[in-house]
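# Structural overview for review
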Amino acid sequence: MTRIAIIGGGPGGYEAALVAAQLGAQVTVVEQDGPGGACVLTDCVPSKTLIATSARKQALLDAAALGVHYSGGPDGDVGTPVADMPLVNRRVKELARAQSTDIAARLAAEGVEVVRAPGRLVDPQVVRAGDRTIRADVVIVATGATPRILPTAEPDGERILTWRQMYDLAELPEHLIVVGSGVTGAEFAGAYRSLGSEVTLVSSRDRMMPNEDADAAEVLEEVYRRRGMNVMGRSRAESVKRTADGVVVTLEDGRTAEGSHCLMTVGMIPNTAGIGLQEAGVTLDRGGFIQVDKVSRTSAPGVYAAGDCTGVLMLASVAAMQGRIAVWHALGEAVQPLRLATVASNIFTDPEIAAVGVTQRAIEAGEIDANVVKLPLATNARAKMQGFHDGFVKLFCRPHTGIILGGVVVAPRASELILAVSVAVQQRLTVDQLAHTFAVYPSLSGSVTEAARRLMQPTTPGGI
């Protein structure tokens, strides 16, 4: 029986463990925080739970435009809905713990042993878990990553915070300054603005989310500004200091921004230091990320790696797939190497931004030849009914064959709508095939099939 030891119990680790157990391996997972790791306990699950609450509150704020208002007051309105932050944060933590418990139960049901201890690699076939030595034929490293800390803005857990510390606040921040306008910064800035905080978003670039689709980022920034957020572009933070009753953020150009709290979202660093990787022959890059190939192998024989510690698209779905691929390859199963071009991603803002496949930037740079269509969400009948005005569906396809290369969706629950485009990219479907697929009317997904119809090629000279 093949023995597999996994260091880290996040998506990369526990998904690998489940596949390995189903294939008959003896599996041990070493995880010091609990099944699900940081993804479930402090990062993805808690943040998306908070965001779900903020979206519900925003829907209440927007309900008046649909003819719904509070009754009982002299003018038909009894005030603005208020977020009970102790209750919100308690629910966030309880849900995270419940998800971890569910994962633990699933691992136990599959016969996977979980060791609650810090893990380190002694050599390519030996893992040290606390005071225990685990020998294995295959080792998978899935240790994740940690919020990056700037020496001039060290979190104190009270006024200057990482996102992992936000759920310990006793009350809603009066004025939250978010430093960093990438995905994490944009998500938390939008959530706390909807919950009722005054929010200032400090961005070092020309626009929010500079690495994402420019049209999508523009829509979101417009929505944020309309909701009263102060978005400071071209404003790189130099330091953050605590004051008597708040914080002051000093920018490189000398300007300052003052608020009650500051959230630092300036990237992640891999959890790869001090766990014996290099001593065991595992190569790290300059940033400390584990170098892996497309089947998750490291430079050390028998050692694989998955998830954020590899720096390969920091998404839970990618971590999970890397872990599965590692097991399939290690156990000699048929395996398809990781194809980043088929990875669907989502930004859990309001509206959400989902994307898969090629990018508009690559098309405009001439790297890929593609036809593009973009349909405003405001023209969709279901969107009109629900009062959604902001967003679009964008689709890319090859000019002659019509093979779908990718797409972007900006809409409520774009994370669900992108699946149709993701399937099309994975299966190399054409716009004709997607266009002939029935969509419910009225539905937001109808914009996906309509976009495909707009890209269909005429079958006769001159078309129709």
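For the structure, check the block above.
Residues numbered from 1 in each chain as written. Predicted model: local features only at pLDDT ≥ 70, side-chain atom pairs only at ≥ 80, totals over all residues. Heavy atoms only, no water.

Below, the discussion takes up the overall build of the protein. Counting its regular elements, the protein contains 12 helices and 23 strands. In terms of C-alpha radius of gyration, the protein reaches 24 Å, essentially the compact-globule figure of 23 Å for 464 residues. Taking the principal axes of the C-alpha coordinates as reference, the protein spans close to 75 × 70 × 45 Å. Burial status across the protein gives 49% buried among its 464 residues. If you take every contact in the protein between residues at least 6 apart in sequence, the share linking residues at least 24 apart comes to 63%. Counting every atom, the protein has about 21,800 Å² of accessible surface; 50% of that belongs to carbon and sulfur. Counting 43 positive and 49 negative side-chain charges, the protein places the centres of these two groups 3 Å from one another. (Helix = DSSP H or I, 4+ residues; strand = E, 2+ residues; numbered from the N terminus. Rg over C-alpha atoms; globule rule 2.2 N^0.38 Å. Buried < 20%, exposed > 50% of the residue type's maximum accessible area, 1.4 Å probe, protein only. Contact = heavy atoms within 4.5 Å. Areas by Shrake-Rupley, 256 points an atom, 1.4 Å probe, with all protein chains shown as cover. Lys, Arg positive; Asp, Glu negative; His and termini not counted. Charge placed at Lys NZ, Arg CZ, Asp CG, Glu CD.)

Read from one edge of the open sheet, three strands run S4-S5-S6, paired in antiparallel fashion. Every other strand in the sheet has two partners, leaving strand S4 (119-123) and strand S6 (132-135) as the edge strands with one partner each. Taken pair by pair, the neighbouring strands of this sheet meet at an average axis angle of 30 degrees, ignoring direction. Of the pairings in the sheet, the one linking strand S5 (residues 126-129) to S6 comprises four bridges and is antiparallel in character. In the sheet register, Ala 129 faces S6, and the bridge partner there is Arg 132. (Pairing = 2+ DSSP bridges. Axes fitted to C-alpha atoms, helices over the stretch in contact; angles between N-to-C directions.)

Before going further, it helps to examine the pairing of strand S7 (residues 138-141). On S7, burial covers both faces: Val 138 and Ile 140 on one face and Val 139 and Val 141 on the other are all buried. In this sheet, S7 lies alongside strand S1 (residues 3-7) in parallel orientation, the contact comprising four bridges. Residue pairing across strands places Ile 7 opposite Val 141, the latter belonging to S7. In this structure, S7 lies alongside strand S18 (residues 303-305), joined through three bridges in parallel fashion. Its bridge partner lying in S18, Ile 140 is registered against Tyr 304.

Applying the stated criterion to the full structure yields one aromatic pair. On the basis of an interplanar angle of 15 degrees and a centroid distance of 6.5 Å, the ring pair of Phe 188 and Tyr 192 is categorised as stacked. Here Tyr 192 and Phe 188 lie together in helix H5 (residues 183-195), a separation of four residues that amounts to about one turn. We classify Tyr 192 as buried; its relative accessible area is 0%. A cation sits over an aromatic face here: Lys 374 above Phe 392, 4.9 Å from the ring centre. (Phe/Tyr/Trp six-rings, centres within 6.5 Å; stacked < 30°, edge-to-face > 60°. Lys NZ or Arg CZ within 6 Å of the ring centre and 35° of its normal.)

Between the first and last C-alpha of helix H6 (residues 214-226) there are 18 Å, a value that for 13 residues agrees with the 18 Å anticipated at 1.5 Å per step. Taken together, the buried positions of H6 are Ala 216, Ala 217, Val 219, Leu 220, Glu 221, Val 223 and Tyr 224. The secondary structure elements touched by the buried residues of H6 are H5, strand S12 (230-232), strand S20 (352-357), strand S22 (392-397) and strand S23 (404-411). N-cap assignment for H6: the residue whose side-chain oxygen lies 3.1 Å from the backbone N of Asp 215 is Asp 213. After H6 finishes, the residue Gly 228 shows a positive phi value of roughly 100 degrees. (Expected span 1.5 Å × (residues − 1). Polar contact = N/O pair within 3.5 Å; in protein donor to acceptor, adjacent residues only side chain to side chain.)

What follows concerns the packing of helix H3 (residues 44-62) against helix H4 (residues 85-109). Put simply, H3 and H4 touch, their axes get as near as 9 Å, and they point 140 degrees apart. Classified by the interaxial angle, the pair formed by H3 and H4 is oblique. Note on packing geometry: the crossing formed by H3 with H4 is right-handed. Each of Val 45, Pro 46, Thr 49, Leu 50 and Thr 53 in H3 lies in contact with H4, whose residues at this interface are Met 85, Val 88, Asn 89, Arg 91, Val 92, Leu 95, Ala 96 and Gln 99. (Parallel < 35°, antiparallel > 145°, perpendicular 65-115°, else oblique. Left-handed = near helix turned anticlockwise from the far one by under 90°.)

Here the amide bond leading from Asp 350 into Pro 351 is cis, since omega sits at 10 degrees, within 30 degrees of zero. With respect to the secondary-structure elements, Pro 351 resides in the loop between strand S19 (344-347) and S20. Here Tyr 441 and Pro 442 are connected by a cis peptide whose omega angle stands at -5 degrees. For Arg 413, which is not glycine, the phi torsion reads 55 degrees and is therefore positive. Structurally, the position occupied by Arg 413 is in the loop between S23 and helix H10 (414-426). Given the relative accessible area of 59%, Arg 413 is considered exposed.

On to the sheet that holds S22, then. One open sheet accounts for five strands, arranged S19-S20-S23-S22-S21; its pairing is antiparallel. Sheet topology places S19 and strand S21 (371-376) at the edges, where each strand pairs with a single neighbour. Within this sheet the neighbouring strands show an average axis-to-axis angle of 10 degrees, counted without direction. In this structure, S21 lies alongside S22, joined through six bridges in antiparallel fashion. Bridge assignment links Asn 371 to a residue of S22, and that residue is Cys 397.

Turning next to a negative patch on the surface. A cluster of acidic residues, Glu 171, Glu 174, Glu 198, Asp 245 and Glu 258, forms a negative patch on the protein surface. Within the element layout of this structure, Glu 198 appears in strand S11 (residues 198-202). (Patch = residues over 30% accessible without salt bridge, like charges linked within 9 Å, V, L, I, M, F, W, Y side chains within 5 Å. Salt bridge = Lys/Arg side-chain N within 4 Å of Asp/Glu carboxyl O.)

With the rule as written, the count across this model stands at 19 salt bridges. When the shortest N-O distance is used, the salt bridge between Arg 106 and Glu 110 registers 3.7 Å. Among the residues examined, Glu 110 registers a relative accessible area of 30% and is labelled partly exposed. The residue Asp 215 makes a salt bridge to Lys 374 at a minimum N-O spacing of 3.7 Å. Residue Asp 215 is located in helix H6, and its partner Lys 374 is located in strand S21; the two are separated by 159 residues in the primary sequence. Given the relative accessible area of 24%, Asp 215 is considered partly exposed. The structure contains a network of salt bridges with shared partners spanning Asp 213, Asp 215, Lys 374 and Lys 394.

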